[in-house]
Amino acid sequence: NEIVSQFAIQGNVVEVAPLGNGLINTTYRVKTEEGQPDYVLQNVNNAIFPDVEMLMDNIVAVTSHIRAKLEAAGTEDIDRKVLNFIPTKDGKYFYFDGAKYWRVMAFIPDTKSMTAVTPETSYIVGETFGNFQAMLADIPAQLGETIKDFHNMEFRLKQLREAVAENKAGRLAEVQWLVDELEKRAEEMCKGEQLHREGKLPKRICHCDTKVDNILFDQEGNVLCVIDLDTVMPSFIFSDYGDFLRTAANKVAEDSPEIDKVEFDMEIFKAFTKGYLESASSFLTSVEKDNLPYAVALFPFMQAVRFFADYVNGDTYYKIAYPEHNLVRTRCQIALAKDMLQKLPEMEKIILPSSILSEVKEKLTVSVKEVSEWN
C-alpha cells in the first residue's frame, strides 16, 4: 500500500495480490474500491535491467507513440489496445523504495492469453508483431538498449572465444570439435552487423521477445495489444522474426537429446511469415526482406553459441538439470540450424517474389551448397 500510494492512481486500494507467474519481474494486481479501475504493480528486476530509468523512458515513448497512432486512426476502446503506465505523484514512471524499483500500469479487464503454438496462432503472432514494428517505424524518440548487445552476433562470438581461451571448467579438449563446427559459420552469421556498418541494414524498434503469450486477447480471441515491453529496443528486424521461429518451429524442445528428431516445422514458418509480411511489408526494405532466410538460421546458431560458451565456462548463466545440459542444448540448436539451411530454397520461394529470387540467391551468404559441407 505504501508503494502504490506513490503513484497517481484513482480510488482507494482494497487488496494487493500476486498476479501471474513471470520469471523476471514480480507482479501484483491492485484492486480498488468498486467503480474505480484496477492496476498492475510490478517490481522491476534491475539485475536483468540495470538502467530502470532508460527502460521506462523506452516503454513510455513506445506506448505514447502507439496511442497517438490509434487516436489518429479513430480506434475505439484505445485503453484496451495499448498499455497505460501510471506516473508517480512527482511525474516519474518508476518509484525506488531504497532497495527495489516499482512501476504501475492500468489493469486491462476481461482478457486472456494463449500459449499453444499452432499455424493459426503463429499467423496471429506474425501479423501482430509485424504491425507492432510498423507502428514504431517512424517513432521520433531515440531508444536505448535495455539489455546491451542482446542479439549482437559478433558480441556473442566474442564471448565464446573468451570462454574458449580461458577454458575455466577444463572441458575444452572433449568438445573442440564443436568449437570448430561453430567457427566454420561464424563469419557468415555476422552478416547483419556487417550490413549495418555498410549502411545497408537499419535498426528498428523491435520487441525482441516474440511469442504468443506476449499478446493480450479479448474473451472472443481478438488481439488487443502487445505486452511485456521490457526488451523493446533498437535491433535488426531479424530479432522479432528469427527468434520466434527458433523456439516455435522446432518440433522438439530446445534441450532435447534426441537430435535425430530435431526438425524445422515449415507449416509454422509459412503461417508466421504470411502474417508477418502482410503487416510489415509496408516499411521493410529489400535488404531486410532478402535476408529473412538468413535470420531464420541466425537465431539457432546464436543460441548454440550462447549455450556452448556457458558450457565451456562451467554453466554459470543458464540453469541446468544435469552436467551436460548446455552441451545437449548446443547440439540441438546446431541440428535445428542445419535443418533450416536445408529448407532455405523452400523458404526463399515463400518470402521472396520469384522475379528476384535468382538475384537474391547470389547474395545470400548462407547458401544451400554449404549445407553438405556442414553435414
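This report concerns the structure included in the present document. (Residues numbered from 1 in each chain as written. Predicted model: local features only at pLDDT ≥ 70, side-chain atom pairs only at ≥ 80, totals over all residues. Heavy atoms only, no water.)

1. So, the nonpolar core
Counting residues in each nonpolar core, the largest one holds 99 residues, and the members touching the most others are Tyr241, Leu245, Phe264 and Phe308. Core analysis: the next-biggest nonpolar cluster, separate from the first, contains 9 residues, Ile3, Val4, Ile86 and Val104 among them. (Core = buried A, V, L, I, M, F, W, Y, C linked by side-chain atoms within 4.5 Å. Buried < 20%, exposed > 50% of the residue type's maximum accessible area, 1.4 Å probe, protein only.)

2. Some words on the pairing of strand S3 (residues 39-44)
The side chains of a regular strand alternate, residue by residue, between the two faces of the sheet. Burial runs high along S3: 6 of the 6 residues are buried. Residues Tyr39, Leu41 and Asn43 line one face of S3 and the alternating positions Val40, Gln42 and Val44 line the opposite face, and both faces are buried. By the bridge criterion, 5 bridges tie strand S2 (residues 26-32) to S3 in an arrangement that is antiparallel. Across the sheet, residue Thr26 finds its bridge partner in S3, namely Asn43. In this antiparallel pair of consecutive strands, S2 and S3, the connection spans 6 residues, and Gly35 shows a positive phi of 95°. Pairing of S3 with strand S6 (residues 101-106), which is carried by 6 bridges, proceeds in the antiparallel orientation. The partner of Gln42 across the bridge, within S6, is Arg103. (Helix = DSSP H or I, 4+ residues; strand = E, 2+ residues; numbered from the N terminus. Pairing = 2+ DSSP bridges.)

3. Here's the deal with the packing of aromatic side chains
Scanning all chains against the criterion turns up 13 aromatic pairs. For the ring pair Tyr241 and Phe272, a centre distance of 5.5 Å and an interplane angle of 40° mean the geometry is tilted. Separated by 31 residues along the polypeptide, Tyr241 in helix H7 (residues 238-248) and Phe272 in helix H8 (residues 266-280) bring together distant segments of the chain. The residues Tyr241 and Phe272 share a single accessibility class, namely buried. Chaining the aromatic ring pairs together yields one cluster made of Tyr241, Phe244, Phe272 and Tyr276. Positioned above the aromatic ring of Tyr311, the side-chain terminus of Arg171 is 4.2 Å from the ring centre. Positioned above the aromatic ring of Tyr294, the side-chain terminus of Lys191 is 5.8 Å from the ring centre. (Phe/Tyr/Trp six-rings, centres within 6.5 Å; stacked < 30°, edge-to-face > 60°. Lys NZ or Arg CZ within 6 Å of the ring centre and 35° of its normal.)

4. Some details on the pairing of strand S9 (residues 215-218)
Side-chain alternation along S9 places Ile215 and Phe217 on one buried face and Leu216 and Asp218 on a second face that is also buried. By the bridge criterion, 2 bridges tie strand S7 (residues 111-112) to S9 in an arrangement that is antiparallel. Each bridged residue has a counterpart across the sheet, and for Thr111 the counterpart in S9 is Asp218. Here S9 runs beside strand S10 (residues 223-226); their pairing, made up of 3 bridges, is antiparallel. Bridged to Phe217 within S10 is Val223. Once S9 ends, the chain turns through 4 residues before running back antiparallel as S10, passing Gly221 with a positive phi of about 90°.

5. Considering the sheet that holds S7
Strands sit in the order S7-S9-S10 across an open sheet of 3 strands; the sheet is antiparallel. Whereas interior strands pair on both sides, the edge strands pair on one side only; in this sheet they are S7 and S10.

6. Observations regarding the side chain of Asp218
Take Asp218: it is sitting in strand S9. For Asp218, which is buried and forms no salt bridge, the nearest opposite charge comes from Arg80, at a distance of 5.6 Å. Polar contacts involving the side chain of Asp218 include one to the main-chain amide nitrogen of Asn222, which spans 2.8 Å. Residues contacting Asp218, with those up to four places away along its chain left out, are Arg80, Asp110, Lys112 and Leu224. (Lys, Arg positive; Asp, Glu negative; His and termini not counted. Salt bridge = Lys/Arg side-chain N within 4 Å of Asp/Glu carboxyl O. Polar contact = N/O pair within 3.5 Å; in protein donor to acceptor, adjacent residues only side chain to side chain. Contact = heavy atoms within 4.5 Å.)

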